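# A structural walkthrough
As a plain string of letters, each chain reads:
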Amino acid sequence: MAQAKPMTKAQIIEHLSTKTGTTKKLAAQFLQELVSLSYKEAKKSFTLPGLGKLEMVSRKKRTGRNPMTGETITIPAKKVLKFKVAKAAKDAILPAKK
């Protein structure tokens with residue numbers, strides 16, 4: 001069973017322009033501006049209603065293990081980006097449990 005390929009950026013732009021009745025150029029500008037805005041606002045948390053939330057979180061320092069040697073190592077603290085999927089998106093994509 002072959003899995004369907006994800007949409008390319010060009011296909012997304014084509015779809016947006018068709019659905020909104022605008023040009024591909026305008027749809028591409030909108031998409032680029034949305035991406036730029038999400039990058040800029042991610043430090044404060046950026047929410048796309050109905051899709052999810054992009055946020056920066058701090059991970060604490062923790063201990064881990066080198067898989068090759070089994071040696072215990074310290075993994076330093078760092079900031080990472082997380083995307084939390086909205087409940088509406090989960091309900092629309094995943095079938096409800098019975």
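Residues numbered from 1 in each chain as written. Predicted model: local features only at pLDDT ≥ 70, side-chain atom pairs only at ≥ 80, totals over all residues. Heavy atoms only, no water.

## Structural notes on the overall build of the chain
Each helix and strand in the chain was counted, giving 3 helices and 5 strands. Ordered by position from N to C terminus, the α and β elements of the chain give α-α-β-β-β-β-β-α. Compactness check: the chain gives a C-alpha radius of gyration of 19 Å against a globular reference of 13 Å for 98 residues, more than 25% above the reference. For the chain, the spread of C-alpha atoms along the three principal axes comes to 60 × 40 × 30 Å. Taken across its 98 residues, the chain has 14% of its residues classed as buried. At a minimum sequence separation of 6, the contacts of the chain that also span at least 24 residues come to 30%. (Helix = DSSP H or I, 4+ residues; strand = E, 2+ residues; numbered from the N terminus. Rg over C-alpha atoms; globule rule 2.2 N^0.38 Å. Buried < 20%, exposed > 50% of the residue type's maximum accessible area, 1.4 Å probe, protein only. Contact = heavy atoms within 4.5 Å.)

## So, the environment of N66
Mapped onto the fold, N66 is located in the loop between β3 (62-65) and β4 (72-75). With residues up to four places along the chain from it excluded, the contact list for N66 reads E71 and I73. A distance of 2.9 Å separates a polar side-chain atom of N66 from the backbone nitrogen of M68. (Polar contact = N/O pair within 3.5 Å; in protein donor to acceptor, adjacent residues only side chain to side chain.)

## Structural notes on a positive patch on the surface
On the surface, a cluster of positive charge is made up of K53, R59, R62, K78, K82, K84 and K90. The set of elements that each furnish at least two residues to the positive patch consists of β2 (52-59) and β5 (78-85). The leading source of residues in the positive patch is β5, at 3 residues. Within the secondary structure layout, K78 lies in strand β5. By relative accessible area, which is 46% here, K78 ends up partly exposed. (Patch = residues over 30% accessible without salt bridge, like charges linked within 9 Å, V, L, I, M, F, W, Y side chains within 5 Å. Areas by Shrake-Rupley, 256 points an atom, 1.4 Å probe, with all protein chains shown as cover. Salt bridge = Lys/Arg side-chain N within 4 Å of Asp/Glu carboxyl O. Lys, Arg positive; Asp, Glu negative; His and termini not counted. Charge placed at Lys NZ, Arg CZ, Asp CG, Glu CD.)

## Notes on the pairing of β2
Sheet topology note: the strand β1 (residues 46-48)/β2 ladder contains 3 bridges and is antiparallel. Across the sheet, L48 pairs through a bridge with G52, a residue of β2. Between the end of β1 and the start of β2, which pair antiparallel, lie 3 residues, with G50 showing a positive phi angle near 85 degrees. Where β2 meets β5, 8 bridges bridge the pair, whose relative direction is antiparallel. Its bridge partner being in β5, M56 is matched across the sheet by L81. (Pairing = 2+ DSSP bridges.)

## Things to note about the sheet that holds β5
Pairing is antiparallel in the open sheet, where 3 strands are placed in the order β1-β2-β5. Two strands bound the open sheet, and with one partner strand each, they are β1 and β5. Neighbouring strand axes in the sheet, compared pairwise and without regard to direction, differ in orientation by 25 degrees on average. Contacting β1 and β2, helix α2 (residues 24-41) runs over the sheet at an angle of about 140 degrees to β1. (Axes fitted to C-alpha atoms, helices over the stretch in contact; angles between N-to-C directions.)

## Things to note about the side chain of S38
Looking at the secondary structure, you find S38 in helix α2. In contact with S38, not counting residues within four places along its chain, are F46 and L54.

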